[in-house]
Amino acid sequence: MKELDPLLHSQLRLAVMSILMNVEEADFVYLREKNEATAGNLSVQLDKLSAAGYITVEKGFAGKKTRTVCRVTPAGRTAFEAYVAALRTYLNL
Amino acid sequence: MDNKTLNPHESMALISAMIEQSKHRVAMSDLRVSIMWGLLTIITAVMVTVLLLTMGDPVYNYGWFAIPAIGIPLNIFMQRRKDTPRVRTYIDTISDAVWKTVGYIGLTVTAACIVFNVCGYRQAWLAMFYYAFIVVGFGAVATGIVIKEKSYLCGGIISIVAGFIIIAAQLSGFPLLVAWVMPLYIVCVLLMFIIPAIIINHKLKKSAE
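Summarised in this report is the structure supplied together with it. (Residues numbered from 1 in each chain as written. Chains lettered and ligands numbered in written order. Predicted model: local features only at pLDDT ≥ 70, side-chain atom pairs only at ≥ 80, totals over all residues.)

## Looking at the overall build of chain B
From N to C terminus, chain B includes 7 helices and 1 strand. Along chain B, helices and strands appear, N-terminal first, in the series α-α-α-β-α-α-α-α. A compact globule built from 209 residues should have a C-alpha radius of gyration of about 17 Å, whereas chain B, at 21 Å, is more than 25% larger. Counting only C-alpha atoms, chain B reaches 75 × 35 × 30 Å along its principal axes. The buried share of chain B, reckoned over its 209 residues, is 21%. The contacts in chain B between residues at least 6 apart in sequence include a share of 68% that link residues at least 24 apart. (Helix = DSSP H or I, 4+ residues; strand = E, 2+ residues; numbered from the N terminus. Rg over C-alpha atoms; globule rule 2.2 N^0.38 Å. Buried ≥ 20, exposed ≤ 12 C-beta atoms within 10 Å, placed from the backbone. Contact = placed C-beta atoms within 7 Å.)

## Things to note about the interface of chain B and chain A
In this complex, chain B contributes 24 residues to the contact, which on the side of chain A involves 27 residues. When its residues are assigned to classes, the side of chain B that touches chain A shows 10 nonpolar, 9 polar and 5 charged. The sheet contact formed by strand 1 (residues 25-27) of chain A and strand 1 (residues 87-88) of chain B spans 2 bridges and is antiparallel. Paired with A:E25 across the bridge in strand 1 of chain B is B:R88. (Nonpolar A, V, L, I, M, F, W, Y, C, P; charged D, E, K, R; others polar. Pairing = 2+ DSSP bridges.)

## Let's talk about the pairing of strand 2 (residues 55-62) of chain A
Residues and elements named next belong to chain A. In this sheet, strand 3 (residues 65-72) lies alongside strand 2 in antiparallel orientation, the contact comprising 8 bridges. Opposite T56, over in strand 3, you have R71 as the bridge partner. Counting the residues between successive antiparallel strands, the hairpin from strand 2 to strand 3 contains 2 residues, one of them, G63, with a positive phi of roughly 70 degrees.

## Some details on the pairing of strand 3 of chain A
Judged from the 2 bridges that link them, strand 1 of chain A and strand 3 of chain A form a sheet pairing that is antiparallel. When the sheet's bridge partners are listed, A:A26 is paired in strand 3 of chain A with A:C70.

## Observations concerning the sheet that holds strand 2 of chain A
As summarised here, the arrangement of the 4 strands in space is 2(A)-3(A)-1(A)-1(B), forming an open sheet in which the pairing is antiparallel. With one partner strand each, in any of the chains shown, strand 2 of chain A together with strand 1 of chain B form the two edges of the open sheet. Across the face of the sheet, helix 2 (residues 28-35) of chain A comes into contact with strand 1 and strand 3 of chain A together with strand 1 of chain B while running at roughly 80 degrees to strand 1 of chain A. (Axes fitted to C-alpha atoms, helices over the stretch in contact; angles between N-to-C directions.)

## Focus: the packing of helix 4 (residues 90-118) of chain B against helix 5 (residues 126-147) of chain B
Residue and element names in this part refer to chain B. Interaxial distance between helix 4 and helix 5 falls to 10 Å at its minimum, and their mutual angle equals 175 degrees. When the axis of helix 4 is compared with that of helix 5, the two are roughly antiparallel. In this structure, helix 4 uses I91, I94, S95, V98, W99, V102, I105, G106, V109 and C113 to contact helix 5, whose residues at the interface are A127, M128, Y131, V135, V136, G139, A142, T143, V146 and I147. In terms of residue class, the contact of helix 4 with helix 5 is built from 16 nonpolar, 4 polar and no charged. (Parallel < 35°, antiparallel > 145°, perpendicular 65-115°, else oblique.)

## Thoughts on unusual backbone geometry
For A:E36, which is not glycine, the phi torsion reads 50 degrees and is therefore positive. Structurally, A:E36 is set in the loop between helix 2 and helix 3 (39-51). Positive phi values are uncommon outside glycine, yet B:K148 reaches one of about 55 degrees. Residue position: B:K148 is located in the loop between helix 5 and helix 6 (150-171). When the 9 C-beta atoms within 10 Å are taken as the criterion, B:K148 is described as exposed.

## Looking at the environment of B:F193
Residues and elements named next belong to chain B. Tracing the backbone shows F193 in helix 7 (residues 178-208). The sequence separation of F193 and V33 amounts to 160 residues, and the corresponding C-alpha distance is 9.5 Å. Those residues within four positions of F193 in sequence are excluded, and the remaining contacts are S34, I35, W37 and G38.

## Looking at the nonpolar core
Grouped together as the largest cluster of nonpolar side chains are 29 residues, with contacts concentrated most on A:V16, A:M17, A:I19, A:L20 and A:A26. Breaking this core down by element, the ones donating at least two residues are helix 1 (11-22), helix 2, helix 3, strand 3 and helix 4 (74-90) of chain A together with helix 1 (8-23) of chain B. Counting 19 residues, the second-largest nonpolar core is a separate cluster that includes B:W37, B:Y152, B:A162 and B:F193. (Core = buried A, V, L, I, M, F, W, Y, C linked by C-beta atoms within 7 Å.)

So, in structure tokens, the structure goes:
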């Protein structure tokens, strides 16, 4: 049986990836609200996903406010799909 | 939500829940823009129709320029005032691209008609009818398909069919009278812009309850 990607096998990181797989881009505030996570924790998990090359994190401005936008990368997409495929084998789906 | 490790069942449930949550965002946060273009077109069409029917001078057809002259700056102003969306879906991108394409085609056709007009071929303005009914209709159909909204789809199809009726009428030598073409156009704009916006707005309010 395939091993589940440990990077995705964590609640918050998996939730973030699930959202990003479904949209083109989402900002930090949206992800924080949808995941009901603290800013600090979300920031750490986004850094981990970014370091693995699964997402890109782009810091910019929307007017005078800072805005952090996240997007899933092709590598992240592949990893997520592999993770879901592995999950299916575990669940005999 | 924290960093706990999940079992496969929990993982699958979480993925489904998150996909469901992000799916709920309707890509039509720009309903105001759609309504603005619809209302502006209808008001202009009514004014031009009334002026043409009462005064009978074709010079009032220049009133159509009010649509781009007012609509484009107003559209830019509304986009600037709008908060940057916190999430952007593929539907947003496709929908934007469709209407930008419709807009650019409109500007190009207008420019071409102006050139023809300057050269003395006033009948060239009929091309704007085909644009307004058929190309804009395709924009509404494409929007209806991507956001899965039947009212857009119906409005667009009715407008395209109306456009082809006008072509058929013209080719058959049937007179394109202001008295029937303009009301038909106003109905099509209502069906393509205003009615779908009202329906989507109603659905959004209902889902928010």
